[in-house]
Amino acid sequence: MKFITTSFAVLVAVAAATVSAQQCARAIDEFAVPNAAQTHELVRMPGTRTLVISQMSNSVMVKAQYDAEERVVDTAAHSMGLATDGLHGVTLSTKFNDRIWMTKEYANQLIRVHPHGEYIGTAPVIEQVIPIPAPGKGPHYVGEYGDYVWSTLKESGHVVRINYNDINDYKIWEVTKNPIFIAQHPANQKFYVSCDASSQIHVINPNSATTKVLSTTDNGGAETPAGLVAGPNNAVWFVTAGTKDKGTGKFGYIDTDDNITFFQLTIPIGKDASLLHLAFDDQQTSKKNPGVWLLSSSVIKPDAIDAIIRVDFDPTYTHIVHEEIAVLPTQGNKAHRLLPLEKRIFATELATSRVAALNYTPNCPWLV
């Protein structure tokens, strides 16, 4: 499938800027992907110019090829089983070269896939199928940690850890509704689970049968933790989406002793943003300032703004020094996931069969 793109010049709201909005205008391109009711997660295949994107409503893997300017130039759709399987989570494997793990939320399976990322027309191959053990149901996120794959089981309210070398070696923890993401803390090595419906984050010691519970509404926090990732400052970072009536504009991190530090957006159209996901640039290769990308979305609050937000920090990540927001051209698209590349930051649009991409303007740095 050849791509269709719409390009927009986007005025970026800035805080304490010393250059004009005209100088800091950036472009967002929206690239069409094969039609589906729900376009979800994405990764870049190492050593290629290929994105792998999951479409849950029809259980299709989309492979999207991009050029040197990171513009999508071609796509191909590949069925990954029954249309009702609920293909969702996708993550790169570090154990198996050029492989990915995916979840089939409705088929109740984890799968290891050779996507053949170098050739978008080549059909992906499922190399391993791991059934979710009872009473678990509904794998949403998947991540590989050592010899184990971990998954949030959204439907049953559990977290599972399975040894992919011996699927009988597994452990299940009960958590509150609804478990969404898992991240391993870079300092204490425990696992943290965002549970959006209960506004809690569970802390799992792999050697324990119980979990510790952190509330995201205490001490000036906010409801509905969603995106959660390991990040800089030796911390696990997360965002909060709020409710169907009110966004939050709040995100934060958890230190090694489980203390939560919150930050509040202050830019006018971002201070009540419904934050769904977050991502960091590659800390080893990025030339940008210390900071985080945030995704505001209309998934939970239908009239929330769909936008990519950049927040720059001081080198110690203790205070915000700059904020900017780029509004996605198509609103109400239920912006879903972020993926930073070298020249662009990609965002999937769950409801529109598109991916948006904000370019980095070389002579217009984020921090001004």
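Anything mentioned here points back to the structure above.
Along each chain, residues carry numbers from 1 onward, in the same order as the chain's sequence is written. Restriction of local features to residues with pLDDT of at least 70 applies here, the model being predicted, together with a cutoff of 80 or more for giving and counting side-chain atom pairs; totals for whole chains, interfaces and linings are based on all residues. Side-chain calculation: all heavy atoms of the structure are included, whereas hydrogens and water are not.

This part covers the pattern of salt bridges. We define a salt bridge as a side-chain nitrogen of Lys or Arg found within 4 Å of a carboxyl oxygen belonging to Asp or Glu. Throughout the structure, instances matching the rule amount to 16 salt bridges. Linking glutamate 127 and arginine 99 is a salt bridge whose minimum nitrogen-to-oxygen distance equals 3.0 Å. Of this pair, glutamate 127 sits in strand E11 (residues 125–131) while arginine 99 is found in the loop between strand E8 (87–92) and strand E9 (100–104), placing the two residues 28 residues apart along the sequence. Of the residues examined, glutamate 127 reaches a relative accessible area of 33% and is grouped as partly exposed. For glutamate 155, the salt bridge goes to lysine 137, with nearest N and O atoms at 3.6 Å. Placement of the pair is glutamate 155 in the loop between strand E13 (148–153) and strand E14 (158–163) and lysine 137 in the loop between E11 and strand E12 (139–145), with a sequence separation of 18 residues. For each residue, the accessible area found with a 1.4 Å probe, counting protein chains only, is set against the maximum for its type, and the residue is called buried under 20%, exposed over 50%, and partly exposed in between. By relative accessible area, which is 45% here, glutamate 155 ends up partly exposed. In this text, helices come from DSSP runs of H or I with a minimum length of four residues, and strands from runs of E with a minimum of two, each type numbered from the N-terminal end.

As a further point, take the packing of aromatic side chains. For Phe, Tyr and Trp, rings pair up if their centres lie within 6.5 Å, where Trp contributes its six-membered ring, and each pair is then called stacked (planes under 30 degrees apart), edge-to-face (over 60) or tilted (otherwise). Applying the stated criterion to the full structure yields 18 aromatic pairs. A ring pair is formed by phenylalanine 238 and phenylalanine 262, whose centres lie 5.7 Å apart and whose planes are at 85°; its orientation type is edge-to-face. With a gap of 24 residues between them, phenylalanine 238 in strand E21 (residues 235–240) and phenylalanine 262 in strand E23 (residues 260–264) connect regions that are remote in the sequence. One exposure class covers both phenylalanine 238 and phenylalanine 262, and it is buried. Ring centres of phenylalanine 251 and phenylalanine 313 lie 6.2 Å apart, and the angle between their planes is 85°; on these two criteria the pair is classed as edge-to-face. Taken together, the residues span a long stretch of sequence, with phenylalanine 251 in strand E22 (residues 250–254) and phenylalanine 313 in strand E26 (residues 307–313) at a distance of 62 residues. Take phenylalanine 251: its relative accessible area is 0%, and that puts it in the buried class. Through successive ring pairs, a cluster of aromatic residues spans Trp237, Phe251, Tyr253, Phe263, Phe280, Phe313 and Tyr317. The ring of tyrosine 148 carries arginine 161 above its face, with NZ or CZ at 4.5 Å from the centroid. Lysine NZ or arginine CZ positioned within 6 Å of the ring centre and within 35 degrees of the ring normal marks a charge as sitting over the ring. We note arginine 310 situated over the ring of tryptophan 293; from NZ or CZ to the ring centre the distance is 4.9 Å.

Take it as geometry only, folks, not as evidence of what the structure does.
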